[in-house]
Amino acid sequence: MIYRENGQFKTSYKTDQQIFPIFQDRWTILALIAFAFVGVPMLADEYLFKAILIPFLILSLAALGVNLLVGYCGQITLGAGAFMAIGAYAAYNFAIRVDGMPLIAALLLGGCTSALVGIVFGVPSLRVRGLYLAIATLAAQFFWDWAFLRIKWFTNHSPSGSVSISNLDVFGWRISTPVDKYLLCLVILVVFALLAKNMVRGAIGRQWMAIRDMDVAAEVIGIRPMYAKLSAFAVSSFFVGVAGALWGFVHLGSWEPAAFSIDRSFQLLFMVIIGGLGSIMGSFFGAAFIIVLPIFLNQFLPWLGSLVGLSISVATVSHFEFMIFGALIVFFLIVEPHGLARLWSTGKEKLRLWPFPH
Amino acid sequence: MAFFLETLIGGLMAGMLYSLVALGFVLIFKASGVFNFAQGAMVLFAALAMARFSEWIPGWLGVANPVIANILAFIIAAAIMFAVAWLIERLVLRHLVNQEGATLLMATLGIAYFMEGLGQTIFGSDIYKIDVGMPKDPVMMLESVFEGGLLINKEDFYAALIAAALVAALALFFQKTGTGRALRAVADDHQAAQSIGIPLNRIWVIVWCVAGAVALVAGIIWGSKLGVQFSLATVALRALPVVILGGLTSVPGAIVGGLIIGVGEKLSEVYLGPLVGGGIEIWFAYMLALVFLLFRPQGLFGEKIIDRV
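Note that this is a predicted model, so its numbers are computed, not measured. (Residues numbered from 1 in each chain as written. Chains lettered and ligands numbered in written order. Predicted model: local features only at pLDDT ≥ 70, side-chain atom pairs only at ≥ 80, totals over all residues.)

1. So, the overall build of chain A
Keep this limit in mind: Strands here are runs of E lasting at least two residues and helices are runs of H or I lasting at least four, both read from the DSSP assignment and numbered beginning at the N terminus. Computation of the radius of gyration draws on C-alpha atoms, with the globule rule given as 2.2 Å multiplied by the number of residues to the power 0.38. In this scheme every C-beta is placed from the backbone, and a residue whose C-beta has 20 or more other C-beta atoms within 10 Å is buried, one with 12 or fewer is exposed, and one in between is partly exposed. A pair of residues counts as a contact when their C-beta atoms, built from backbone coordinates, are separated by no more than 7 Å.
The helix and strand tally for chain A stands at 14 helices and four strands. Taking 21 Å as the expected radius of gyration for a compact globule of 358 residues, we find that chain A reaches 21 Å, a close match to that expectation. In terms of principal-axis extent, the alpha carbons of chain A reach across some 70 × 65 × 45 Å. Counting the 358 residues in chain A, one finds 44% classified as buried. Sequence separation of at least 24 residues holds for 75% of the intrachain contacts in chain A that already meet a minimum separation of 6.

This is the structure we're talking about:
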């Protein structure tokens, strides 16, 4: 109803291969990004940045990484939290052990380390799949949880076991206020999202999808499963690792291994499921949903309780959160296995024909 | 030597307890191809129900006898677990027939979250006690053979006995009853079973009920050992490597796997742990299972998976 692609003819390969072939889509996205860069810093207050926007940006980046692996390559992982931890601790070690290490370089090196470890833990995917692979990735989760807790070298022998980083500085730009942090995360997220979008449109993404859909057939048409799977693990771990480094450096400031526990892994997996497996857009939807829902419930349930004359304690709210999460997961798997992203596109499809569907 | 044997026996008994949880996984996987991540949540839920009802019932009925209270609580908890099994089949599994394994796995994750939340909402989230009269005092054994004898925890011993009895009962149920035969048929081939008139939905309800009962027993034993609290749900995570090691489809595998993991964990913790900083039993089992996966993906006793990856 709002717009259609009628009359937009593609007359060159360049226009045919654009990321957003429809003119209005392109401009909407650009406007959205511009708004995120200019409008949001003017409108949002500190609480909004700290509680919602910065976690949203970082966890969308992580969800993006998980989605590349789970949604595009079909390799289920329950160890994403561990790779966030690896990214964070590797970046921390690079930052404090190398003099004058720029922040961005530390973040990227954290991601690279995570990618290397991802390749190692991706090796079982060559032998097993599905449930067994999920267990293999759980092994990564438990091992690294333990390693960052017990091996003192990783935490620079800090007595409390928690590490902290201060004085963030990108090429002379001091990252101190929430707005700065927000903008830094936003820049990184935009770059990585663009990277991911292009990757899944390109040769490598198509290889991943072929492996996901049917690995034997993919092998027959000349895709090397080993290369495809391990590259998916590497790229995914890289994304997740950078997100983990950002989470530690920018969002938390100082952190312990518990920040990247198995609950984080499940949370990321849920984001991907609820948002939509195999959809870049879905990662954002999922992250937004999972971050906003608990905050919403925290406000809404006590209010609802006060309406009927009950006082709902914080513990009860967190239990309800569990229940609602669980129910939603099941609901989405049954009703819309492709998640919010599919709802979005069906909605758009419906709107195209509305109000005259025939 | 005595110390080694003590560790070994402690490991074997801990392993029996892992097997109890692992059994729940195997039963459901065999019959419906669902890898039930919610088994831990079911253990927690059942244990919570058992603990709270045995606490409430004396007040409701005015009976002070703890035995009667425990028996009634057991019956109620079992009934609740059966209801849960039925609801899961009705509301979740029925709608997810023919989906991929990974989808079902994630669905059971959702169920797990739901049950953890529900259990704590209804029954509360403190630490509760289950007292079914298991003796807690350790005993000395074989004092004539070793100097100082072997120190054995009686509670562990009884728990292992109960687990063994449960396994025997399950084996009988599977091998000798009509329903058990139907269950095995469904496990072998869904379509063939359906074509000779075995009602799939009912079989699934039954198998989830059995898994619920196993969860209840596991919950009672673990609960009386550790106290009923949220961390009970993570017992399932400890039992996962057991299933991998033993094979997803094999009941004896769950037992043997449990024993191996139990012994491996204890021995590695005692002899390897001090070298690397301790606390390694959490991941040691996983690493063992992971290495095992690389060489024998179907586990010790599992059916050979005939597909290429």
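More follows now that the structure is in view.
2. Thoughts on the overall build of chain B
When helices and strands are tallied, chain B shows eleven helices and two strands. Secondary structure elements of chain B, listed N to C terminal, follow the sequence α-α-α-α-β-β-α-α-α-α-α-α-α. Counting all 309 residues of chain B, 47% fall into the buried class. At a minimum sequence separation of 6, the contacts of chain B that also span at least 24 residues come to 74%.

3. A word on the interface of chain B and chain A
We count it as follows: Residues were grouped as follows: Ala, Val, Leu, Ile, Met, Phe, Trp, Tyr, Cys and Pro as nonpolar; Asp, Glu, Lys and Arg as charged; and all remaining residues, including Gly, as polar.
With 39 residues of chain B at the contact, the number on the chain A side is 37 residues. Taken together, the residues that form the side of chain B that touches chain A break down as 26 nonpolar, eleven polar and two charged.

4. Some details on the environment of Ala115 of chain A
All names here are of chain A. Relative to the helices and strands, Ala115 resides in helix 5 (residues 103-122). Ala115 gets classed as buried once you count the C-beta atoms within 10 Å, which come to 24. Once the C-alpha coordinates of Ala115 and Asp263 are considered, the two residues, 148 residues apart in sequence, prove to be 21 Å apart. Apart from residues lying up to four places away in sequence, Ala115 is in contact with Ala234, Ser237, Phe238 and Gly241.

5. Section: unusual backbone geometry
Positive phi values are uncommon outside glycine, yet Asn156 of chain A reaches one of about 55°. For Asn156 of chain A, the location among the structural elements is in the loop between helix 6 (131-150) and strand 1 (163-164).

6. Some remarks on the nonpolar core
Definition in use: Here a nonpolar core is just a set of buried residues of the types Ala, Val, Leu, Ile, Met, Phe, Trp, Tyr and Cys, joined wherever their C-beta atoms sit within 7 Å.
Ranked by size, the top nonpolar core spans 212 residues in total, and within it Ala62 of chain A together with Val43 and Ala47 of chain B carry the most contacts. Residue contributions to this core peak at 17 residues, all from helix 8 (residues 200-226) of chain B. Once residues lying within four places of it in the same chain are set aside, the contact partners of Ala62 of chain A are Ala80, Met84, Phe239, Val240, Ala243 and Leu268 of chain A.

7. Let's talk about the confidence of the model for chain B
Residues and elements named next belong to chain B. As a reminder of what qualifies: Confidence of the prediction at every residue is given by pLDDT, a number between 0 and 100.
Overall, the prediction assigns chain B a mean pLDDT of 80, with 89% of residues at 70 or greater. Per-element confidence in chain B ranges from a low mean pLDDT of 64 for strand 1 (residues 138-141) to a high of 87 for helix 3 (residues 66-91). In the predicted assembly, ipTM is 0.80 and pTM is 0.86.

8. Quick look at the environment of Lys225 of chain B
Along the chain, Lys225 of chain B turns up in helix 8. Along the backbone, Lys225 of chain B and Leu12 of chain B are 213 residues apart, and their C-alpha atoms lie at a distance of 16 Å.

9. Concerning helix 2 (residues 39-61) of chain B
All names here are of chain B. Convention followed: The span you would expect from a helix comes to 1.5 Å times its residue count less one. The reported bend at a residue is simply the angle between two axes, fitted to the 7 residues ending at it and to the 7 residues beginning with it.
For helix 2, spanning 23 residues, the distance from its first C-alpha to its last is 32 Å, which sits close to the expected 33 Å at 1.5 Å a residue. For helix 2, the principal kink sits at Glu55 and spans about 25°; a proline, Pro58, occurs within the next four residues. Note on helix 2: the residue one or two positions beyond its end, Gly62, has a positive phi of about 75°.

10. As for the environment of Ile96 of chain A
Within the element layout of this structure, Ile96 of chain A appears in helix 4 (residues 80-97). Expressed as a C-alpha distance, the spacing of Ile96 of chain A and Ala106 of chain A, which sit ten residues apart in the sequence, is 9.5 Å.

11. So, the packing of helix 12 (residues 280-307) of chain A against helix 13 (residues 314-335) of chain A
Residue and element names in this part refer to chain A. Short version of the rule: Axis angles are defined between N-to-C directions and span 0 to 180 degrees, where every axis is a line fitted to C-alpha atoms and, for a helix, only to the segment in contact. Convention used here: angles under 35 degrees read as roughly parallel, angles over 145 as roughly antiparallel, angles from 65 to 115 as roughly perpendicular, and any remaining angle as oblique. In this scheme the crossing of two helices becomes right-handed for a clockwise turn of the near helix relative to the far one and left-handed for an anticlockwise turn of less than a right angle.
Their axes nearest at 10 Å, the elements helix 12 and helix 13 cross at an angle of 130°. The orientation of helix 12 with respect to helix 13, classified from their angle, is oblique. The chirality of how helix 12 crosses helix 13 is right-handed. Between helix 12 and helix 13, the contacting residues are Pro294, Leu297, Asn298 and Leu301 on the first element and Val317, Phe320, Glu321 and Ile324 on the second. Residues of the contact of helix 12 with helix 13, tallied by class, amount to six nonpolar, one polar and one charged.

12. Considerations on the packing of helix 3 (residues 46-72) of chain A against helix 12 of chain A
Packed helices, taken two at a time, are described by the angle their axes make and the gap between the axes. Residues and elements named next belong to chain A. Where helix 3 contacts helix 12, the two axes come as close as 8 Å, and the packing angle between them is 140°. It follows from the interaxial angle that helix 3 and helix 12 lie oblique. Viewed along their axes, helix 3 and helix 12 form a crossing whose handedness is right-handed. Residues Ala51, Ile52, Pro55, Phe56, Leu59, Ser60, Ala63, Leu64 and Asn67 of helix 3 lie in contact with helix 12, whose contacting residues are Ile280, Gly282, Ser283, Phe284, Gly286, Ala287, Ala288, Ile291, Val292 and Ile295. Class assignment for the residues of the contact of helix 3 with helix 12 results in 14 nonpolar, five polar and no charged.

13. Here we look at the confidence of the model for chain A
Averaged over all residues, the pLDDT of chain A is 86; the fraction at 70 or higher stands at 99%. Taking the mean pLDDT of every element in chain A, the minimum, 78, falls on strand 2 (residues 168-170) of chain A and the maximum, 93, on helix 10 (residues 225-252) of chain A.

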